[in-house]
Amino acid sequence: MGRLSRMVAANSTYCYDACMKIGTLIYCMRGDEVLLGLKKRGFGASKWNGYGGKPQEGETVPEAAVRELFEEAGIEASLEDLRKVAKVDFYFEDRPAFECHAFLLSDWKGEPQESEEMLPQWFKVSELPLSEMWVSDPLWLPRSLMGTKVEGRCRFNADGSVVEGYEELAVSF
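Now for a look at the structure at hand. Every chain is numbered independently, its residues counted from 1 as its sequence is written. Per-residue local features are limited, in this predicted model, to residues with pLDDT of at least 70; the limit for side-chain atom pairs, both in listing and counting, is 80 or more; totals at the level of whole chains, interfaces and linings are taken over all residues. For side-chain calculations, the full set of non-hydrogen atoms in the structure is used, while hydrogens and water are omitted.

What follows covers the pairing of strand β1 (residues 21–30). With a 1.4 Å probe rolled over the protein chains alone, any residue whose accessible area is under 20% of its type maximum counts as buried; one over 50% counts as exposed, and the rest are partly exposed. A run of DSSP states H or I qualifies as a helix once it reaches four residues; a run of E qualifies as a strand once it reaches two. Both are numbered from the N-terminal end. Taking burial as the measure, the 10 residues of β1 include 7 buried ones, the bulk of the element. Both β1 and strand β5 (residues 98–105) contribute to a ladder of 8 bridges, which runs parallel. Considered in β5, the bridge of Ile26 is made with Phe103. Linking β1 to strand β2 (residues 33–39), which pair antiparallel, is a turn of 2 residues; within it Gly31 sits at a positive phi near 65 degrees. When DSSP finds two or more bridges between a pair of strands, those strands are recorded as paired.

Tracing the backbone through its elements, the reader meets Val171 in the segment after β8 (163–169). A contact between two residues is defined here by any heavy atoms of the two lying within 4.5 Å. Not counting residues up to four positions away in its chain, the partners in contact with Val171 are Lys149, Val150 and Glu151.

The next subject is unusual backbone geometry. Negative phi is the rule for most residues except glycine; trans is the rule for most peptide bonds. Phi is positive for Ser46, close to 75 degrees, though the residue is something other than glycine. Mapping Ser46 onto the fold places it in the loop between β2 and β3 (48–49). Relative accessible area serves as the criterion here: at 57%, Ser46 is assigned to the exposed category.

What follows deals with the layout of surface pockets. In this analysis a 1.4 Å probe is tested at points of a 1 Å grid over the protein atoms alone, and where it fits but cannot get out there is a cavity; an open set with protein on both sides within 12 Å along at least five of seven lines is a pocket; lining residues have an atom within 4 Å of a point. Grid points are joined across faces, edges and corners, and a volume is the space filled by probe spheres set on the points. Roughly 630 Å³ of volume is contained in the largest pocket. Around the largest pocket sit 28 residues that line it, and Lys39, Phe43, Lys54, Phe98 and Trp134 are the ones nearest its centre. Among the elements of the structure, β1, α2 (61–73), β5 and α3 (137–145) are those that each provide at least two residues to the lining of the largest pocket. The element that contributes the greatest number of residues to the lining of the largest pocket is β1, accounting for 3 residues. When grouped by side-chain class, the residues that make up the lining of the largest pocket number 12 nonpolar, 7 polar and 9 charged. Side-chain classes are defined by residue name, with Ala, Val, Leu, Ile, Met, Phe, Trp, Tyr, Cys and Pro counting as nonpolar, Asp, Glu, Lys and Arg as charged, and the others, Gly among them, as polar.

Once that is clear, we can look at the packing of aromatic side chains. The relation between two aromatic rings is expressed through the spacing of the ring centres and the mutual angle of the planes. Ring pairs are drawn from Phe, Tyr and Trp, using the six-membered ring of Trp, whenever the two centres fall within 6.5 Å, and their geometry is named by plane angle: stacked under 30 degrees, edge-to-face over 60, tilted for the rest. Under the counting rule described, the total for this entry stands at 8 aromatic pairs. Ring plane angle 50 degrees and centroid distance 5.3 Å describe the contact between Phe43 and Trp134, whose orientation is recorded as tilted. Linking Phe43 in the loop between β2 and β3 with Trp134 in the loop between β6 (118–124) and α3, this pair joins segments that are 91 residues apart in sequence. Phe43 sits in the partly exposed class, given a relative accessible area of 35%. Judged by its relative accessible area of 11%, Trp134 falls in the buried class. Aromatic side chains Phe92 and Trp134 sit 6.0 Å apart centroid to centroid with 65 degrees between the ring planes, which places their arrangement in the edge-to-face category. With Phe92 in the loop between β4 (83–91) and β5 and Trp134 in the loop between β6 and α3, this pair connects stretches of sequence that are 42 residues apart. Exposure class is identical for Phe92 and Trp134. Each is buried.

Below you can see the structure in the form of structure tokens.
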């Protein structure tokens, strides 16, 4: 078990693997630009992020990613076009942990549309709005958007505003 794993497991206010939720993120790439969505409601509201969510019963992680992208942005994607670039486990005080699988997508059908949950906007990869994203994103996202595979664990305070620990792991996918 790594150093952060021991810290998380030893701290009773954090939920470790037993109650971990699984989630997805898709980052649509267009040349040197990435499509981000401004989360309009729920946990993470007012932050720019990739599109995604949790798998439904019987759904694989990639299937969930494709479904969520369509529901949140009106974009159709095929499973074959997804390229997994990251798996990062996020731990929060007093909330379930979150195992996040991130994918790049460079081929899809449709134009991004605003939904009840997300407002789409294209950003140059070199000009990400990092101050308006999750505070952990600078630790892994820029490299992932360049196609580098990343695997890690990140521990936050209760509201996700402070990274209290980050551990890079050997990539296993």
